[in-house]
Amino acid sequence: MTKTMNAAKALLLAAGVAVAIVPTAGFAKGDRHGPRVDFETLDADGNGEVTQAEMAAMGAARFNEADTDGDGFLTKDEISAKAGERRAKRLDRMFEKRDANNDGKLSAEELAPPADRIAKRFEKVDTDGNGSISKAEFDAAKEHRKGRRKPASE
């Protein structure tokens, strides 16, 4: 292989690692593992299509952003700092959305999900419609969600 091919493979590998470590896009609604990126941002050339090269470029850019010392590697501290930034932004958004009286504190009422959302979720799990959730319904809902979320221990 030529040096150019080796360099290209190394770049693609680095971009792949960057995409894995510093999430490129939260395609799934409700993704909580990284910032969401809209289609227009990924479509860097604006042609209406996203290529693997565009996704790799986004991953490389995010890697470089997280690599604060510019050494081409991510340390635990750099990854932790990036995660802390995302966490702080999520907290800011939560307070903007939920702190109804703008007192900088969240009450139980402000944190509670809307009653209609709770009712819809309950109805979805209560598959026989009897107004209560059996162990079998609970387990079925848990199994259904298993593939959608990682266990809390991860």
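All of the points below concern the structure found in this document.

1. What to know about the side chain of Glu-110
And step 1. Structurally, the position occupied by Glu-110 is in helix 5 (residues 108-111).
And step 2. Apart from the residues within four sequence positions on either side, Glu-110 is in contact with Arg-98, Asp-99, Ala-100, Asn-101 and Lys-105.

2. Quick notes on the pattern of salt bridges
And step 1. In this structure the tally under the stated criterion is 4 salt bridges.
And step 2. Residue Lys-82 pairs with Glu-65 through a salt bridge whose shortest N-O separation is 2.2 Å. One end of the pair, Lys-82, is in helix 4 (residues 76-98); the other, Glu-65, is in helix 3 (residues 52-66), with 17 residues separating them in the sequence.
And step 3. Judged by its relative accessible area of 13%, Lys-82 falls in the buried class.
And step 4. Linking Asp-139 and Lys-135 is a salt bridge whose minimum nitrogen-to-oxygen distance equals 3.1 Å. Residue Asp-139 and its partner Lys-135 are located together in helix 7 (residues 135-146), separated by 4 residues, close to a single helical turn.
And step 5. Among the residues examined, Lys-135 registers a relative accessible area of 61% and is labelled exposed.
And step 6. Salt bridges here are not isolated pairs; linked through shared partners, they connect Glu-65, Lys-82 and Glu-85.

3. Some thoughts on a positive patch on the surface
And step 1. Among the surface-exposed residues, Lys-97, Arg-117, Arg-121, Lys-124 and Arg-145 lie close enough to one another that they form a single positively charged patch.
And step 2. Inspection of the secondary structure assignment puts Arg-145 in helix 7.

4. Remarks on the side chain of Glu-78
And step 1. Relative to the helices and strands, Glu-78 is located in helix 4.
And step 2. It is Lys-82 that comes nearest to the buried, bridge-free Glu-78 among opposite-charge side chains, at 11 Å.
And step 3. Here the side chain of Glu-78 touches Thr-75 through a polar contact of 2.9 Å, landing on its backbone nitrogen.

5. A closer look at a nonpolar patch on the surface
And step 1. On the surface, Leu-91, Met-94 and Leu-111 cluster together into a nonpolar patch covering about 240 Å² of accessible area.
And step 2. Mapped onto the elements of the fold, Leu-91 is located in helix 4.

6. Side note on the environment of Val-37
And step 1. Its location among the elements puts Val-37 in the loop between helix 1 (3-21) and helix 2 (39-42).
And step 2. Residue Val-37 is classed as buried on the basis of its relative accessible area of 10%.
And step 3. Taking the C-alpha atoms as reference, Val-37 lies 9.7 Å from Met-58; in sequence the two are 21 residues apart.

Thresholds applied
- Residues numbered from 1 in each chain as written.
- Predicted model: local features only at pLDDT ≥ 70, side-chain atom pairs only at ≥ 80, totals over all residues.
- Heavy atoms only, no water.
- Helix = DSSP H or I, 4+ residues; strand = E, 2+ residues; numbered from the N terminus.
- Contact = heavy atoms within 4.5 Å.
- Salt bridge = Lys/Arg side-chain N within 4 Å of Asp/Glu carboxyl O.
- Buried < 20%, exposed > 50% of the residue type's maximum accessible area, 1.4 Å probe, protein only.
- Patch = residues over 30% accessible without salt bridge, like charges linked within 9 Å, V, L, I, M, F, W, Y side chains within 5 Å.
- Areas by Shrake-Rupley, 256 points an atom, 1.4 Å probe, with all protein chains shown as cover.
- Lys, Arg positive; Asp, Glu negative; His and termini not counted.
- Charge placed at Lys NZ, Arg CZ, Asp CG, Glu CD.
- Polar contact = N/O pair within 3.5 Å; in protein donor to acceptor, adjacent residues only side chain to side chain.

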